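What the coordinates show
Chain by chain, the residues:
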Amino acid sequence: PVSLGGRIANLFGGKNRPVHVHAVQDVDITVESGEVVGIVGESGCGKSTVARMLAGISTPSGGSLRWRGKDVAEMTAKEHRAFDLGVQMIFQDPFASLNPRMRIGDIIGEAAVKHGRITRREQRDYVVSLMEKVGLSGAYIDRFPHQFSGGQRQRIGIARALAVNPDLIICDESVAALDVSIQAQVLNLFMDLRDELDLTYLFISHNLGVVEHISDRVVIMYLGRVVEVAPTDALYGDPNHPYTRLLIEQVPSLEAGKRDYAPIAGELPSPLDPPSGCAFNPRCPWATERCRTERPALREIAPGRLSACHLNDPA
Ligand code: SF4
Ligand code: MG
């Protein structure tokens, strides 16, 4: 399990005029082994920042990132390497993350050889078996990335992640760039691999339908904060937070897993200048005076369910 907790801030520096933005704050996320946790939010809500911190790509300036009970900042070099390999990330644009001059066999097998999982002599057979696991023919092993379609390239990215035998795979908008029919195929591949390899996923997406399809538990983020956490069925069947309710209820539900959710009314405020009180108050139909001045705490509203809204305050 991996968890990120406490007050987390991330600093984005512009070249000449550094801008300090608290991209995510008070975000407390724990992913248990074998679980699929979805993180949903509009673009700019901080979900990618959370992903990058969990993957160890960005360092939280406060709070802590724990991996198997250990604070990543306090790890020895050896422990840190295990963390690096144990958490693999799959990005939105597979093409951008694949070296165009490398053959697929090296792209997929390089890290496994480098870290001593396999020898150079074993690489070919190992890569072919991984390619077959993700639904690619091993006959393509000597090809280059540009010779594959978008969906195939995402499969290459998945094979590369699997090559180092990770425990946790972080998918950041991993199917967003694909055609809808290809999206479904890749999502099904994720689910098959989870069963087969006992994987844990953190699945980040702006698309509620995609997250519903794949997740056991869902975290809803708004402007850098977690506003609701719930098991998937509970969240979609009975959303609590007004933001979640608007996201889910405004669109008639179609066939399960194939809902097409539209963005909600009103603009996402700038994270540079978030509204006071509850950050959602300018867009919330239930907002009261209190919402404009006092920030609601994330509180437990039922076992395993959290929501940050004054409407849940019994007082
Ligand atoms: Fe709406 Fe107020 Fe709840 Fe925020 S705290 S979601 S503004 S009702
Ligand atoms: Mg993003």
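Here goes a summary of the coordinates provided.

Conventions adopted
- Residues numbered from 1 in each chain as written.
- Chains lettered and ligands numbered in written order.
- Predicted model: local features only at pLDDT ≥ 70, side-chain atom pairs only at ≥ 80, totals over all residues.
- Heavy atoms only, no water.
- Axes fitted to C-alpha atoms, helices over the stretch in contact; angles between N-to-C directions.
- Helix = DSSP H or I, 4+ residues; strand = E, 2+ residues; numbered from the N terminus.
- Parallel < 35°, antiparallel > 145°, perpendicular 65-115°, else oblique.
- Left-handed = near helix turned anticlockwise from the far one by under 90°.
- Contact = heavy atoms within 4.5 Å.
- Nonpolar A, V, L, I, M, F, W, Y, C, P; charged D, E, K, R; others polar.
- Buried < 20%, exposed > 50% of the residue type's maximum accessible area, 1.4 Å probe, protein only.
- Pairing = 2+ DSSP bridges.
- Polar contact = N/O pair within 3.5 Å; in protein donor to acceptor, adjacent residues only side chain to side chain.
- Near = heavy atom within 4 Å.

1. Quick notes on the packing of helix α5 (residues 150-162) against helix α6 (residues 180-197)
Packing of α5 against α6 brings their axes to within 10 Å, and their N-to-C directions diverge by 20°. Judged on the interaxial angle alone, α6 and α5 are roughly parallel. Considering how the two elements wind past one another, α5 and α6 form a crossing that is right-handed. For the pair formed by α5 and α6, the contact residues are Gly-151, Gln-154, Arg-155, Ile-158 and Leu-162 on the first element and Ile-182, Gln-185, Val-186, Leu-189, Phe-190, Leu-193 and Leu-197 on the second. For the contact of α5 with α6, the class distribution of residues is eight nonpolar, three polar and one charged.

2. Re the pairing of strand β6 (residues 87-90)
Alternating positions in β6 separate into two faces, Val-87 and Met-89 on one and Gln-88 and Ile-90 on the other, with burial throughout. Taken together, the four bridges between β6 and strand β7 (residues 168-172) define a ladder with parallel strand orientation. Counted as the bridge partner of Gln-88 is Ile-169 from β7.

3. As for the environment of Asn-99
Inspection of the secondary structure puts Asn-99 in the loop between β6 and α3 (104-114). When the C-alpha positions of Asn-99 and Phe-144 are compared, they lie 8.7 Å apart, and in sequence the two are 45 residues distant. Sequence-distant contacts of Asn-99, that is, excluding residues within four places in its chain, are made with Ile-107 and Pro-145. Here Arg-101 takes part through its backbone nitrogen, which lies 2.9 Å from a polar atom of the side chain of Asn-99.

4. Thoughts on the site of ligand 1
The full set close to ligand 1 counts 13 residues, and Cys-278, Cys-284, Cys-291, Cys-309 and His-310 are the nearest of them. Here the residues of the shell around ligand 1 are counted per class, giving ten nonpolar, three polar and no charged.

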